[in-house]
Amino acid sequence: MSALTAVRHLVWKDLVLEWRGREILTAMVVFSMLVAVVFNFAFSPSPADAVRLLPGMLWVTLAFASTLGLSRSFVLEHDHGAIEALRLFPFDPSLIYVGKLLANLLYLLAVELLVLPALAAIAGISLLGSAAPLALILVLGSIGLVAVGTIFSAMSVNTRIREVLLPVLMFPLATPVLISGVRAMLGVLAGGSLSAVMPGLRILIVFDVVFLVVGYVIFEFVLEE
Amino acid sequence: MNPLTAMFIGFAIVWGGLFAYVLRLNRIGRTIERQLRREQ
Amino acid sequence: MASYADTETLELPRGFDWRAGLTWLGGLLAVLGMYMAVLYAPTERTMSHAQRIFYVHVPAAWVGFLAFGVVFVCSIGFLWTRRRSFDLAAHASTEIGVVFTTLAIVSGSVWGRAAWGTWWTWDPRLTTTFMLWFIYVVSLMVRAYGGPGSQSGRFAAVLGIVGFLDIPLIHLSVVWWRSLHPLPVVVRSEGFGSGLHPAMLQALLVNVAAFTLLYVALFGIRRAQMAAADALAARREEQRIREGTLAREGTR
């Protein structure tokens, strides 16, 4: 079995498990919608404000939603003793990182697909004009979030305060994603093209590359007993 | 007294206090280590 | 699993107490530095005497970053070699780093109040220092809540490595974000119109040297303290085993 097949199996396992219960996805989507509604009540934005506030609201929502998915994905393994089985995995333990990361990325992207149009509809903003640049920013940012989040969710699952520790660990480190993601979206929504927000895209790409590599290399230290 | 001189004297007192405290901690540490050496 | 082996027989202090020596040296330089900051350096044009806090803020921030660099190196060392001395060094540097970084943030905030009238601005350097502070604090939390000894040490090491690599990215992203709402340029973040007067530079350098020496001294003391605590704990463990409680024998 090649490494690629192994990863495919890992991802498929997680997706199948998730599909059977759909707990994580439901939780993430419902949570995101709730947060969006709360934001709306908190800020009562006018249509003009809404454009300015949307990227920030969206990224905060996604950051928190991602922690839901991330922590759950390891908690299930931990609580059923499956982590031991994973440790017996005959391949490079970093492949587990890749597998978990891909699964979580898919959850996050699925949530974004549902939540973003809904948010835009509620806020009364049309996003169709800038759909492609927005999608690119979302994808790059999501990769960054799960790249960092997967490392820390494996770490925090062992601790007594796991649900709280994951966001606490993750958010300071994910700030470049949040900052650049918001700023880039603001630029695009204000009518700019992708090239206008190039600095941000560059930061996102560098972030993704650096943390995918670092995560891959460092994961075995996190997973070992 | 010139306020700057007063500020400087204030700093010196605070620094001096912290510094004496650090030296004291260091002395305690060395006593513990000496005792450990005796037991080894 | 990290072994206690390399701290059980403690390398114990003989001869010259270099930690005390460094503390003295650092302390003297600190007093000199304070003199130069307060009385020797010329008064700055726009902000007058309030600018002098710069001589505390910059060295403190510098040491905060230096300490994190040490955490980074020791974290890599710990993951690579599993020697507990690296873990202890990383822990000690984290503790001391958080102290200096707190000092840097507070002094930066006070300076901001004097220069711009507000206690906080999202100026890139201050923001990045603030994020560094968060990463330090989270690292200490991981050590406190992370589970049994060597595991939390490993996790803190991972955080130390990931965090260190993240800081430049945080800084870049804040700088880019800031370009949307630039700060009032009346006073640049250094607060100098036309660069540093030589006497100011001298005062700054002396203070930087003083803070750095004090960091090294504190680091040495704290690390040695942790190693001693470790050795004591190992000794107590051994004693308990030797005295032999029934429960222990079976699992030996």
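**Here we look at the overall build of chain A**
Each helix and strand counted, chain A has eight helices and zero strands in total. Sequence-ordered secondary structure for chain A, helices as α and strands as β, is α-α-α-α-α-α-α-α. A globule of 225 residues ought to have a C-alpha radius of gyration of about 17 Å, and chain A, at 18 Å, matches this closely. Projecting the C-alpha coordinates of chain A onto the three principal axes gives extents of approximately 55 × 35 × 30 Å. A total of 225 residues make up chain A; the buried ones form 44% of that total. In chain A, of all internal contacts separated by at least 6 residues, the share reaching a separation of at least 24 is 84%.

**Side note on the overall build of chain B**
Counting its secondary structure elements, chain B contains one helix and zero strands. With respect to the principal axes defined by its C-alpha atoms, chain B has extents near 55 × 5 × 5 Å. Taken over 40 residues, chain B has a buried fraction of 8%.

**Quick look at the interface of chain A and chain C**
With 26 residues of chain A at the interface, the matching set in chain C holds 27 residues. Put simply, the parts of the chain that give the side of chain A that touches chain C at least two residues each are α6 (131-156), α7 (162-189) and α8 (198-223) of chain A.

**Description of the interface of chain B and chain C**
Taken together, the contacts link 20 residues of chain B with 23 residues of chain C. Classifying every residue of the side of chain B that touches chain C gives 12 nonpolar, four polar and four charged.

**Some details on the confidence of the model for chain A**
Averaged over every residue, the pLDDT of chain A is 86; residues scoring 70 or more account for 99%. The least confident element of chain A is helix α4 (residues 82-87) of chain A, whose mean pLDDT is 76; the most confident is α8 of chain A, at 93.

**Remarks on the arrangement of the chains**
The structure contains two pairs of chains in contact, of which chains A and C account for the largest number of contacts. Contact between chain A and chain B is absent, and the least distance between their C-alpha atoms amounts to 31 Å.

**Overview of the environment of Ala37 of chain C**
All names here are of chain C. Assignment of secondary structure puts Ala37 in helix α2 (residues 18-40). Placed 121 residues apart in sequence, Ala37 and Val158 show a C-alpha to C-alpha distance of 39 Å. In contact with Ala37, not counting residues within four places along its chain, are Arg52, Tyr55, Ala203 and Asn207.

**Description of the confidence of the model for chain B**
Per-residue pLDDT for chain B has a mean of 80; in total, 95% of the residues score no lower than 70. Model confidence for the complex is summarised by a pTM of 0.86, with the ipTM given as 0.87.

**So, helix α1 (residues 3-39) of chain B**
Compared with the 54 Å implied by 1.5 Å per residue over 37 residues, the 54 Å span of α1 of chain B between its first and last C-alpha is a close match. Among the residues making up α1 of chain B, those that are buried are Phe19, Asn26 and Gly29 of chain B. Those residues of α1 of chain B hidden inside the fold are in contact with α2 and α7 (198-243) of chain C.

**Details of helix α5 (residues 94-123) of chain A**
Here α5 of chain A contains 30 residues, and its C-alpha end-to-end distance of 41 Å stays within 8% of the 44 Å for a straight helix at 1.5 Å per residue. Count one or two residues on from α5 of chain A and you reach Gly124 of chain A, which has phi positive near 75°.

**Side note on unusual backbone geometry**
Trans is the prevailing form of peptide bonds, just as negative phi is the prevailing case for residues other than glycine. Residue and element names in this part refer to chain C. Despite not being glycine, Arg82 shows a phi value in the positive range, around 60°. Checked against the element boundaries, Arg82 lands in the loop between α3 (54-81) and α4 (84-116). By the C-beta count within 10 Å, which is 17 here, Arg82 ends up partly exposed.

**Topic: the packing of helix α2 (residues 23-43) of chain A against helix α3 (residues 47-79) of chain A**
All names here are of chain A. The interhelical angle for the contact between α2 and α3, taken along N-to-C directions, is 150°, at an axis separation of 9 Å. In terms of orientation, α2 and α3 fall into the roughly antiparallel class. For the crossing formed where α2 meets α3, the hand is right-handed. Along the contact surface, α2 presents Ile24, Ala27, Met28, Phe31, Ser32, Val35, Ala36, Phe39 and Phe43, while α3 presents Leu53, Met57, Thr61, Phe64, Ala65, Leu68, Gly69 and Arg72.

**Points about the nonpolar core**
Ranked by size, the top nonpolar core spans 140 residues in total, and within it Val148, Ile151 and Ala174 of chain A together with Ala67, Val158 and Tyr215 of chain C carry the most contacts. Setting aside its immediate chain neighbours within four residues, Ile151 of chain A contacts Gly215, Ile218, Phe219 and Val222 of chain A together with Val158 and Val162 of chain C.

**Side note on the environment of Leu70 of chain A**
Residues and elements named next belong to chain A. By the secondary structure assignment, Leu70 is in helix α3. Spatially, the C-alpha atom of Leu70 lies 8.7 Å from that of Leu101, the residues being 31 residues apart in sequence. Ignoring anything within four residues of it in the chain, the contact list for Leu70 reads Asn104, Gly149, Thr150, Ser153 and Leu166.

**Some words on the packing of α5 of chain A against α8 of chain A**
Residues and elements named next belong to chain A. For the pair α5 and α8, interaxial distance at closest approach is 7 Å and the crossing angle is 105°. As the angle between them shows, α5 and α8 are arranged roughly perpendicular. Contacts between α5 and α8 pair Ser94, Ile96, Tyr97 and Val98 from the former with Gly215, Tyr216, Phe219, Glu220 and Leu223 from the latter.

**A closer look at the environment of Ala103 of chain A**
Residues and elements named next belong to chain A. As for its position among the elements, Ala103 is in helix α5. Taking the C-alpha atoms as reference, Ala103 lies 6.5 Å from Asp14; in sequence the two are 89 residues apart. Setting aside its immediate chain neighbours within four residues, Ala103 contacts Val11, Asp14, Leu15 and Ser73.

How each quantity is defined
Residues numbered from 1 in each chain as written. Chains lettered and ligands numbered in written order. Predicted model: local features only at pLDDT ≥ 70, side-chain atom pairs only at ≥ 80, totals over all residues. Helix = DSSP H or I, 4+ residues; strand = E, 2+ residues; numbered from the N terminus. Rg over C-alpha atoms; globule rule 2.2 N^0.38 Å. Buried ≥ 20, exposed ≤ 12 C-beta atoms within 10 Å, placed from the backbone. Contact = placed C-beta atoms within 7 Å. Nonpolar A, V, L, I, M, F, W, Y, C, P; charged D, E, K, R; others polar. pLDDT = per-residue confidence, 0-100. Expected span 1.5 Å × (residues − 1). Axes fitted to C-alpha atoms, helices over the stretch in contact; angles between N-to-C directions. Parallel < 35°, antiparallel > 145°, perpendicular 65-115°, else oblique. Left-handed = near helix turned anticlockwise from the far one by under 90°. Core = buried A, V, L, I, M, F, W, Y, C linked by C-beta atoms within 7 Å.

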